Amino acid sequence: MPFKIQVAETAGFCFGVRKALDKLLEIRNNTDEPVRTLGPLIHNDQVLMALKKRKVQQLTDNEEVTGKHVVLRAHGVTPKTRNNLKARHAKVCDATCPKVGQVQAIVKKYTGKGCPVIIVGDKGHAEVDGLLGYSRDLGIVIPGPDEAKHLKGGEEVCVVAQTTQDQNVFVDTVKIIREKYAQCHEFNTICDATSERQQETRGLARKSDLMIVVGGSHSANTQRLSDIAAEHCRTVMIQTQDDIREEMFHGVHKVGITAGASTPAWVIRDVVNTVHKTGWKQSGILSASLFSLVSILVETNLSWAGGMALLSLSLNRLVTGQYYGWIAATLFLLIWVWRSHGKRLSPGLDFGVISAFTTLASLPVLINDGIPSVVRLSVLGYLTATILIRLLFHDCLHVQADRIAGLQTLPVVSCEGMVMRLVLVASGSMLVLASILAITLKQVPVLSLLLAPVMELVCLMYLFRKPHWLTLKASILFESPIWLTIGLVGLLLAI
Ligand code: F3S
């Protein structure tokens, strides 16, 4: 590949955005009544479009709100707006980020004592407007040090920052304000999620020739990341992978990718994929074809369906001595259609489908009375665990989009930890069952079955160390072709 790609670990949803979405989805999933948001819930068109499909819309001017659920956005609103909605009998759900709530409390406290408050932030931004609402007309908004120079000064002042403000801008602005006021109560209210993101972006931009910043065009924090990156290298701000052009990468050796706090993981993932594809394309036809082949195998679930078919074929051959090509072919088609067209269903239905497939995959062994029960059950258990792990990994990768779309997959309905524990138990079971098969059958090819659980456990350890969708994606990309190879090797050895 002609250029290296590094993706920021902090890219994507921050704690406040996730919490706001959680609150909204909890209401959406539990009622058929209309759900409205006051302004855009977050600044990201892809998320807003997905929510619109679930009939979550922005409250329009003069809309009747009596009895309607109205969700207040993560940026917060003025107390007047909140009270107004309550007075109009709306069912108000406050999704204001707790960090923004803390800044509102500071503004309220100091202006309550008659102390003016300076907000270092963007005039007209929803969060800043909300803060001004708590300031009893004692609030002033200034964007940075240049404007601070024009302040008249006075006795006492309180200074806060918009939570997504640039650290350096805030520090420089406060320095000037201190000189103008006798007493300055300063609060660096830039939230941790923002500072970590900015810090990582700075570091990444310093090592990169090109920075790609992914996020909504109205997102202040994304724009800020783009400004920070632009201080160190060529930077482009994009909304989706459709904005990527091959010319962007001319003369580039290192690409850094980061994203705003309201950018969903699936948008970042698509951008990363497209950048990878562009890189491979530029490095020649052979490597580009190889990369495309692996991507197609993984993305179209062909490696999953093929791996399962080969495993079934080699296990049945090992235990019964016969080839059951029609079972392998049927299994391949069923899995492929299930994943590619049936998409993700629901945990109950998924478990039912898994049971049906694994019964079919091990049918020749199961119905053969001459085979000891321990072997029959081990074959069934091994194949069940294998297909379950695949399902969990793939569904984990789509969990954010599935939650917003309202799909009930296992990672959606249970917590992340529970899914990881399930994968751990399934991998451990595979290891035990493969060992039982190796001991009872006493055949060398069976040993190849041990490779799959060992590989799953290595992937899991990697995931536990760096729990991020990117690590998960790397694991799937890494293990899918290997898993297909294990099935093939097992079969070759069994011949
Ligand atoms: Fe809250 Fe910070 Fe995100 S203020 S909404 S956690 S960027």
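Structural data are supplied above this passage.
In this convention, every chain numbers its residues from 1, walking through the sequence in written order. At least 70 in pLDDT is required for a residue's local features to be given in this predicted model, at least 80 for side-chain atom pairs to be given and counted, and no such filter applies to totals for whole chains, interfaces and linings, which use all residues. The side-chain figures draw on all heavy atoms in the structure; neither hydrogens nor water molecules are used.

## Some details on the overall build of the chain
Okay, so step 1: Helix and strand definitions here come from DSSP, where helices need a minimum of 4 consecutive H or I residues and strands a minimum of 2 consecutive E residues; each element is numbered from the N-terminal end. A tally of regular secondary structure across the chain gives 21 helices and twelve strands.
Okay, so step 2: Viewed in the frame of its principal axes, the chain has a C-alpha envelope of about 95 × 55 × 35 Å.
Okay, so step 3: Each residue is assigned to one of three classes by its accessible area relative to the maximum for its type, calculated with a 1.4 Å probe on protein chains only: buried under 20%, partly exposed between the two thresholds, exposed over 50%. Relative to its full complement of 495 residues, the chain shows a buried share of 52%.
Okay, so step 4: Note on definitions: a residue-residue contact is assigned when non-hydrogen atoms from the two residues lie within 4.5 Å. Put simply, of all contacts in the chain between residues at least 6 apart along the chain, 73% involve residues at least 24 apart.
Okay, so step 5: Here, Shrake-Rupley sampling with a 1.4 Å probe gives the accessible areas, and only protein chains in the shown set may cover a residue. Accessible surface for the chain amounts to roughly 22,100 Å². Of this, 59% is attributable to carbon and sulfur atoms.
Okay, so step 6: Note on charges: Lys and Arg go in the positive column, Asp and Glu in the negative column, and His and the chain ends are not counted at all. The atoms used to mark charge sites are NZ of Lys, CZ of Arg, CG of Asp and CD of Glu. The average position of the 51 basic charges and that of the 41 acidic charges among the side chains of the chain differ by 3 Å.

## Looking at the side chain of H75
Okay, so step 1: Tracing the backbone through its elements, the reader meets H75 in the loop between β4 (69-72) and α3 (79-87).
Okay, so step 2: Not counting residues within four places of it along the chain, the set of residues in contact with H75 comprises H43, V100, H125, A126 and E127.

## Brief notes about the site of the ligand
Okay, so step 1: Neighbouring the ligand are C14, G16, C97, K99, T163, C191 and T194.
Okay, so step 2: As a working rule, the residues Ala, Val, Leu, Ile, Met, Phe, Trp, Tyr, Cys and Pro are called nonpolar, Asp, Glu, Lys and Arg charged, and the rest polar, with Gly in that last group. Counted by class, the shell around the ligand contains three nonpolar, three polar and one charged residues. Being near a molecule or strand, for a residue, means having at least one of its heavy atoms within 4 Å of it.

## Re the packing of helix α13 (residues 325-340) against helix α16 (residues 373-397)
Okay, so step 1: At a minimum axis distance of 13 Å, the contact between α13 and α16 shows a crossing angle of 20°. Here α13 lies roughly parallel to α16, going by the angle between them. Note on packing geometry: the crossing formed by α13 with α16 is right-handed. In this structure, α13 contributes I335, W338 and R339 to the contact, and α16 contributes I387, L391, H394 and D395.
Okay, so step 2: Residue composition of the contact of α13 with α16, by class: four nonpolar, one polar and two charged. In this analysis an axis means a line fitted to C-alpha atoms, helices contributing only their contacting stretch, and an angle means the value between N-to-C directions, from 0 to 180 degrees. Here roughly perpendicular refers to angles of 65 to 115 degrees, roughly parallel to angles under 35, roughly antiparallel to angles over 145, and oblique to all remaining angles. A crossing counts as left-handed when the near helix is turned anticlockwise from the far one by less than a right angle, and as right-handed when that turn is clockwise.

## Re the sheet that holds strand β10 (residues 210-214)
Okay, so step 1: The sheet built from four strands is open, its strands ordered β1-β12-β10-β11 with parallel pairing. Of all the strands in the sheet, the pair left with one neighbour each is β1 (4-7) and β11 (234-238). When the angles between neighbouring strand axes are averaged without regard to direction, this sheet yields 20°.
Okay, so step 2: The criterion for strand pairing is that DSSP finds at least two bridges linking the strands in question. In the sheet, β10 pairs with β11 via five bridges, with the strands oriented parallel. When the bridges of β11 are listed, M211 appears paired with T235.
Okay, so step 3: The strands that helix α10 (residues 265-282) touches are β1, β10, β11 and β12 (254-259); relative to β12, the one it contacts most, it runs at about 170°.

## Description of the pattern of salt bridges
Should the charged atoms of two oppositely charged side chains come close, the side chains can pair.
Okay, so step 1: Just to be clear on terms, a salt bridge is a Lys or Arg side-chain nitrogen sitting within 4 Å of an Asp or Glu carboxyl oxygen. Under the defined criterion, the tally for this structure stands at eleven salt bridges.
Okay, so step 2: We note a salt bridge from D122 to R224, for which the minimum N-O separation is 3.4 Å. With D122 in the loop between β6 (117-120) and α5 (126-132) and R224 in helix α9 (residues 220-230), the pair connects residues that are 102 residues apart, well separated along the chain.
Okay, so step 3: The class for D122 is partly exposed, based on a relative accessible area of 25%.
Okay, so step 4: D166 is the salt-bridge partner of R202, the closest N and O atoms lying 3.0 Å from each other. Placement of the pair is R202 in helix α8 (residues 192-207) and D166 in the loop between β8 (154-161) and α7 (167-180), with a sequence separation of 36 residues.
Okay, so step 5: Under the relative-accessibility criterion, R202 is labelled buried at 11%.
Okay, so step 6: By relative accessible area, which is 6% here, D166 ends up buried.

## Focus: the packing of aromatic side chains
Okay, so step 1: Paired rings are identified among Phe, Tyr and Trp, the last through its six-membered ring, by centres lying within 6.5 Å, and are further divided according to the angle between planes into stacked (under 30 degrees), edge-to-face (over 60) and tilted (the rest). Applying the stated criterion to the full structure yields four aromatic pairs.
Okay, so step 2: On the numbers, 5.4 Å between centres and 80° between planes, the contact of W338 with F357 is edge-to-face. You can see W338 sitting in helix α13 and its partner F357 sitting in helix α14 (residues 347-361), a full 19 residues away along the chain.
Okay, so step 3: Classification of W338 as buried rests on a relative accessible area of 6%.

## Brief notes about unusual backbone geometry
Okay, so step 1: Despite not being glycine, H89 shows a phi value in the positive range, around 65°.
Okay, so step 2: Residue placement: H89 occurs in the loop between α3 and β5 (91-94).
Okay, so step 3: Residue H89 is classed as exposed on the basis of its relative accessible area of 55%.
Okay, so step 4: Even without being glycine, D137 reaches a positive phi, approximately 65°.
Okay, so step 5: Here D137 lies in the loop between α5 and β7 (139-142).

## Thoughts on the sheet that holds strand β9 (residues 181-186)
Okay, so step 1: Pairing is parallel in the open sheet, where four strands are placed in the order β7-β6-β8-β9. In this open sheet, the two edge strands, each paired with only one partner strand, are β7 and β9. Neighbour to neighbour, the strand axes of the sheet diverge by 30° on average, direction disregarded.
Okay, so step 2: Summarising the sheet, β8 and β9 pair through five bridges and their orientation is parallel. Bridging across to β9, V159 finds its partner in E186.
Okay, so step 3: This element, helix α4 (residues 98-112), spans β6, β8 and β9 of the sheet and lies at about 170° to β8.
Okay, so step 4: Strand contacts of α7: β6, β7, β8 and β9, with the helix running at about 145° to β9, the strand carrying the most contacts.

## What to know about the pairing of β8
Okay, so step 1: Bridge count for β6 against β8 is four bridges, and the pairing is parallel. Bridge assignment links I118 to a residue of β8, and that residue is V159.
Okay, so step 2: Handedness of the β8-α7-β9 crossover: right-handed. A right-handed crossover is one whose linking path, passing over the helix from the first strand to the second, runs clockwise when the strands point away from the viewer.

## Side note on the packing of α16 against helix α20 (residues 448-465)
Okay, so step 1: α20 packs onto α16 with a crossing angle of 30° between their chain directions and a minimal axis gap of 12 Å. Judged by the inter-axis angle, α16 sits roughly parallel to α20. The way α16 lies across α20 gives a crossing that is left-handed. For the pair α16 and α20, contact is made by Y382, I389, R390 and F393 and by L449, A452, P453, E456 and L463, respectively.
Okay, so step 2: Of the residues assigned to the contact of α16 with α20, the class counts are seven nonpolar, no polar and two charged.

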